[in-house]
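Structure at a glance
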Amino acid sequence: DAKTTQPNSMESNEEEPVHLPCNHSTISGTDYIHWYRQLPSQGPEYVIHGLTSNVNNRMASLAIAEDRKSSTLILHRATLRDAAVYYCILRRDDKIIFGKGTRLHILP
Amino acid sequence: ETGVTQTPRHLVMGMTNKKSLKCEQHLGHNAMYWYKQSAKKPLELMFVYSLEERVENNSVPSRFSPECPNSSHLFLHLHTLQPEDSALYLCASSRRQGSRGDTEAFFGQGTRLTVV
């Protein structure tokens, strides 16, 4: 399985945008880029996914580099409820393999 | 509420007990997953069922025995566990992907298992 690399932790101020990076230099042409997040004491929650084009939904935006070797999850206006571990995952089949993710701290 | 329900939410069992974890989804999904999450470790994929057939068994010890009687239900049967098996066990479901990866998965809240 192709691997992803994310910073261990990040901090952001409340009500400001957050850009969470992910490197996936060994991505293959059929890998979809997925993002999940896990709030404290809960199961992971789907955030967004994409293949080549940038994607927007009600939770976040996903910016995918032209060569697809990196991507950025964008939270447009962080709230305290966005404090969680964010996972960047490459998915090409039925398996969903999680890495360590980025722990996002939101400062009030 | 994600549409994936796990029971029980908490379980304490002795090393000689036999217990089962249950997962149920009514999202119309046909792939289901068991994950283990130990303290300060990433989620570990244990088993994957696609169309009720086990397609992944990630070197899990035989004291963990999964069962998928239909596409809506998934069980994890536990016997003679060790204290190091104490963890959060998470179930997830998704539409079967085959050779694609373009659908999201939905996770339950998990069962917090303590082996004493």
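Attention here is on the structure that accompanies the text. (Residues numbered from 1 in each chain as written. Chains lettered and ligands numbered in written order. Predicted model: local features only at pLDDT ≥ 70, side-chain atom pairs only at ≥ 80, totals over all residues. Heavy atoms only, no water.)

Structural notes on the interface of chain A and chain B
- Counting from both sides, the interface comprises 20 residues of chain A and, opposite them, 26 residues of chain B.
- Interface area for chain A against chain B, summed over the two sides, is near 1800 Å², with a carbon-plus-sulfur share of 53%.
- For the interface between chain A and chain B, the tally reads zero salt bridges.
- Taken together, the elements giving at least two residues each to the side of chain A that touches chain B come down to β3 (32–38), β4 (45–50) and β8 (84–91) of chain A.
- The element best represented in the side of chain A that touches chain B is β3(A), accounting for four residues.
- A per-class count over the side of chain A that touches chain B returns eight nonpolar, six polar and six charged. (Contact = heavy atoms within 4.5 Å. Buried area = accessible area lost by both parts, 1.4 Å probe. Salt bridge = Lys/Arg side-chain N within 4 Å of Asp/Glu carboxyl O. Helix = DSSP H or I, 4+ residues; strand = E, 2+ residues; numbered from the N terminus. Nonpolar A, V, L, I, M, F, W, Y, C, P; charged D, E, K, R; others polar.)

Looking at the nonpolar core
- Residues B:W34, B:F64, B:L76 and B:L78 are the most contacted members of the largest nonpolar core, which totals 22 residues.
- Of all the elements in the fold, those that place two or more residues in this core are β2 (10–13), β3 (18–25), β4 (31–37), β5 (44–50), β7 (64–70), β8 (73–79), β9 (87–94) and β11 (111–115) of chain B.
- Apart from residues lying up to four places away in sequence, B:L78 is in contact with B:L11, B:M13, B:N17, B:K18, B:K19, B:L21, B:R63, B:F64 and B:L113.
- Counting residues in hydrophobic clusters, the runner-up holds 21 residues, among them A:I48, A:I64, A:L73 and A:Y86. (Core = buried A, V, L, I, M, F, W, Y, C linked by side-chain atoms within 4.5 Å. Buried < 20%, exposed > 50% of the residue type's maximum accessible area, 1.4 Å probe, protein only.)

A short note on the pairing of β3(B)
All names here are of chain B.
- Bridge analysis of strand β1 (residues 4–7) against β3 gives four bridges, and the strand direction is antiparallel. By the bridge assignment, T7 is partnered in β3 with K22.
- Pairing of β3 with β8, which is carried by seven bridges, proceeds in the antiparallel orientation. Bridged to C23 within β8 is L74. (Pairing = 2+ DSSP bridges.)

Here's the deal with the layout of surface pockets
- Its boundaries defined by the atoms lining it, the largest pocket holds a volume of some 760 Å³.
- If you go around the largest pocket, you meet 27 residues; those closest to its centre are A:Q38, A:V85, A:R103, B:Q37 and B:K40.
- Residue assignment for the lining of the largest pocket shows that the elements contributing at least two residues are β8 and β9 (102–107) of chain A.
- Looking at side-chain class alone, the lining of the largest pocket contains ten nonpolar, eleven polar and six charged residues.
- Of the volumes computed, that of the second largest pocket is approximately 460 Å³.
- Considering the residues around the second largest pocket, the lining is formed by 23 residues, among which A:P44, A:E45, B:E1, B:T2 and B:F107 are closest to the centre.
- Looking at the lining of the second largest pocket, its residues break down into nine nonpolar, nine polar and five charged. (1 Å grid on protein atoms, 1.4 Å probe; cavity = no way out; pocket = protein on both sides within 12 Å on 5 of 7 lines; lining within 4 Å. Points joined across faces, edges and corners; volume = space filled by probe spheres on them.)

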